[in-house]
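Summary of structural features
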Amino acid sequence: MNRLSSASWNLEGSSGKTFGSSKTGLGNNSPHHNREKLPNMLRYIALNAFIGLFSVIMCIWALVIPIFGGSGRTVHFRCAVPWAKAILRVCGIRVAVHGRGNVNPEVPRIYMCNHQSFFDIWTVLAFLPVDFKFILKQELMNIPLLGPAMTHAGYIEIGRAHV
């Protein structure tokens, strides 16, 4: 019997808000709102600095792994997965995974991200328990360090002109 497997996840920030919904209105100029802007801005800058620096470090690590005989699978599980888990952790994202046991790593599947969240790529990397390969736009392979790291992980580039 051919049964479709499914797994799903919900992303929730440290504030308890589910991503994709917002209860704050635009143009809130109350004194309380303005006092909160600076810490939020500093947190935003710190998180982005961490993500950028940590991404560079992990890309370099992804380039070193094959020198010592590591495969694309090794790069995926020893570099991409820890990279994604660390970013989700420092951003305060809690992920609830349902149905992970339904995912059979021995059966070929196509997993698709819908990019409805800034965090969906990191979530898939961190919590999908299979060795999968992303299909990504060719332009991403031109990014220094990131492109070669994704090549070593075995991710597949596709030119939009060929679609």
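Residues numbered from 1 in each chain as written. Predicted model: local features only at pLDDT ≥ 70, side-chain atom pairs only at ≥ 80, totals over all residues. Heavy atoms only, no water.

Remarks on the overall build of the protein chain
Check the secondary structure of the protein chain and you find four helices and four strands. Residues classed as buried in the protein chain amount to 28% of the 163 residues present. Counting only contacts in the protein chain whose residues sit at least 6 apart along the sequence, the fraction spanning at least 24 positions is 67%. Accessible area of the protein chain: about 11,300 Å², with a carbon and sulfur share of 61%. (Helix = DSSP H or I, 4+ residues; strand = E, 2+ residues; numbered from the N terminus. Buried < 20%, exposed > 50% of the residue type's maximum accessible area, 1.4 Å probe, protein only. Contact = heavy atoms within 4.5 Å. Areas by Shrake-Rupley, 256 points an atom, 1.4 Å probe, with all protein chains shown as cover.)

A short note on a nonpolar patch on the surface
Taken together, the side chains of Leu38, Met41, Leu42, Tyr44 and Ile45 present a nonpolar region at the surface, about 550 Å² in accessible area. Checked against the element boundaries, Tyr44 lands in helix α1 (residues 31-64). For Tyr44, a relative accessible area of 55% corresponds to the exposed category. (Patch = residues over 30% accessible without salt bridge, like charges linked within 9 Å, V, L, I, M, F, W, Y side chains within 5 Å. Salt bridge = Lys/Arg side-chain N within 4 Å of Asp/Glu carboxyl O.)

As for the nonpolar core
The tendency in soluble globular proteins is for nonpolar side chains to be buried as a group. Of all hydrophobic cores here, the largest spans 33 residues; its most connected members are Trp83, Trp122, Leu125 and Tyr155. Those elements giving two or more residues to this core turn out to be α1, α2 (72-90), α3 (120-127) and α4 (146-153). With eight residues, the single largest contributor to this core is α2. (Core = buried A, V, L, I, M, F, W, Y, C linked by side-chain atoms within 4.5 Å.)

Re the side chain of His76
Topologically, His76 is positioned in helix α2. For His76, a relative accessible area of 0% translates into the label buried. Leaving out residues up to four positions away in the same chain, His76 has contacts with Val81, Leu125, Val130, Asp131, Phe132, Lys133 and Tyr155.

Let's talk about α3
Because an α-helix packs 3.6 residues into every turn, residues spaced three or four apart end up facing the same way. For α3, a buried count of six out of eight residues is recorded, marking the element as mostly surrounded by other parts of the structure. Within α3, the full set of buried residues consists of Asp120, Trp122, Thr123, Val124, Leu125 and Ala126.

Details of the environment of Val130
You can see Val130 is positioned in the loop between α3 and β3 (135-137). Overall, Val130 belongs to the buried group, its relative accessible area being 7%. For the pair Val130 and Glu106, spaced 24 residues apart in the sequence, the C-alpha separation amounts to 8.7 Å.

Thoughts on α2
The end-to-end C-alpha distance of α2 is 26 Å, a good match for the 27 Å that 19 residues give at a rise of 1.5 Å each. The largest bend along α2 reaches roughly 25 degrees and is located at Ala80, with the proline Pro82 sitting one to four residues downstream. Looking at α2, one finds that the buried residues are Gly72, Val75, His76, Cys79, Ala80, Val81, Trp83, Ala84, Ala86, Ile87 and Leu88. Immediately beyond the C-terminal end of α2, within one or two residues, lies Gly92, with a positive phi of roughly 75 degrees. (Expected span 1.5 Å × (residues − 1). Bend = angle between axes of the 7 residues up to and from the residue.)

Quick look at the packing of α2 against α3
Where α2 meets α3, the closest approach of the two axes is 8 Å, and the angle between their N-to-C directions is 125 degrees. In this view, α2 runs oblique relative to α3, as classed from their interaxial angle. Note that α2 runs across α3; the crossing there is left-handed. On α3, the residues touching His76, Ala80, Val81, Trp83, Ala84, Lys85, Ile87 and Leu88 of α2 are Trp122, Thr123, Leu125, Ala126 and Phe127. (Axes fitted to C-alpha atoms, helices over the stretch in contact; angles between N-to-C directions. Parallel < 35°, antiparallel > 145°, perpendicular 65-115°, else oblique. Left-handed = near helix turned anticlockwise from the far one by under 90°.)

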